[in-house]
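# Remarks on the overall topology
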Amino acid sequence: MSTYKNTSGDLTLTGDGGLATLTINYANTIFNGNLTYTGNTTVVDDFIVVAANNTGAITDMGLLAQTGPTTFAGLRFDTAANTWQISSSVYGNGGPITSYANIATGNATVAGANTNIQFNNSGSFGANTRFSYDFANSRVTLTGSQAFGNTATPTNVSNAIVVYSNVVSGGGTGLYVTSASAAGELVSKSKAIVYSIIF
């Protein structure tokens, strides 16, 4: 038999000065209204279900973290994008102030073959056999043509040779190297022939 209790004002239950344990032995507990809890929450179920009344009309559902007196951060699942999203600033109803961003998931597919270096290919992972890294031998492999942008002379790197480009000078290439023991422009074949005739 159902039992109903009504009060004309707030109802407060206090047991043992607020130290008692309240146990509710029912299969389902329904709160028709807002629930505010000021202590730590321990959940023994495997999953917390939000938007449990959703029949498909709710497209965004999730959790809010109150970051200040009137500020919130949000975690939601967007059914249109079919992915979890986060925002550092949302309204109290979960609506974005700062746009939600997709959370990267384990479903991202690595491009190319083993050792291929990944790069951004129009928002997806891209790879090519001409750009690879051999971890065992600490070696980067580049095949095909490479473009070097103009730059100032870089600082020497210990136990290494730095290759960079700059203004084309006497060597005729604009491709320079610098190391702890040498620095200068690489000489083209045609320039080398001319220099060998002159000198």
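Look above for the structure.
The following paragraphs examine the structure supplied in this document. (Residues numbered from 1 in each chain as written. Predicted model: local features only at pLDDT ≥ 70, side-chain atom pairs only at ≥ 80, totals over all residues. Heavy atoms only, no water.)

### Notes on the side chain of Asp78
With respect to the helices and strands, Asp78 occurs in strand β2 (residues 72-78). Taking relative accessible area as the criterion, Asp78 reaches 10% and is therefore assigned buried. In terms of polar contacts, Asp78 uses its side chain to reach the side chain of Arg76, at 3.4 Å. (Helix = DSSP H or I, 4+ residues; strand = E, 2+ residues; numbered from the N terminus. Buried < 20%, exposed > 50% of the residue type's maximum accessible area, 1.4 Å probe, protein only. Polar contact = N/O pair within 3.5 Å; in protein donor to acceptor, adjacent residues only side chain to side chain.)

### A word on the environment of Ala183
Among the secondary structure elements, Ala183 is positioned in strand β11 (residues 183-185). Taking C-alpha positions, Ala183 is 47 Å from Asn102, a pair spaced 81 residues apart along the chain.

### Examining the layout of surface pockets
Roughly 1,100 Å³ of internal volume is contained in the largest pocket. For the largest pocket, the lining is made up of 16 residues, of which Thr29, Phe31, Leu35, Thr41 and Val43 are closest to its centre. Approximately 630 Å³ is the volume attributed to the second largest pocket. Lining the second largest pocket, in full, are Ser2, Thr3, Tyr4, Lys5, Asn6, Thr7, Leu11, Leu13, Leu22 and Tyr26. Taken together, the residues of the lining of the second largest pocket break down into five nonpolar, four polar and one charged. (1 Å grid on protein atoms, 1.4 Å probe; cavity = no way out; pocket = protein on both sides within 12 Å on 5 of 7 lines; lining within 4 Å. Points joined across faces, edges and corners; volume = space filled by probe spheres on them. Nonpolar A, V, L, I, M, F, W, Y, C, P; charged D, E, K, R; others polar.)

### Points about the pattern of salt bridges
A full pass over the atoms with the stated rule returns three salt bridges. Notably, a salt bridge pairs Asp60 with Arg76, separated by 3.5 Å at the nearest N-O pair. In this pair, Asp60 sits in strand β1 (residues 60-66) while Arg76 sits in strand β2, placing the two residues 16 residues apart along the sequence. Under the relative-accessibility criterion, Asp60 is labelled partly exposed at 32%. In this structure, Asp78 engages Arg76 in a salt bridge whose closest nitrogen and oxygen atoms are separated by 3.4 Å. Taking the relative accessible area as the measure of exposure, Arg76 reaches 13% and is therefore buried. Connected via shared salt-bridge partners are Asp60, Arg76 and Asp78. (Salt bridge = Lys/Arg side-chain N within 4 Å of Asp/Glu carboxyl O.)

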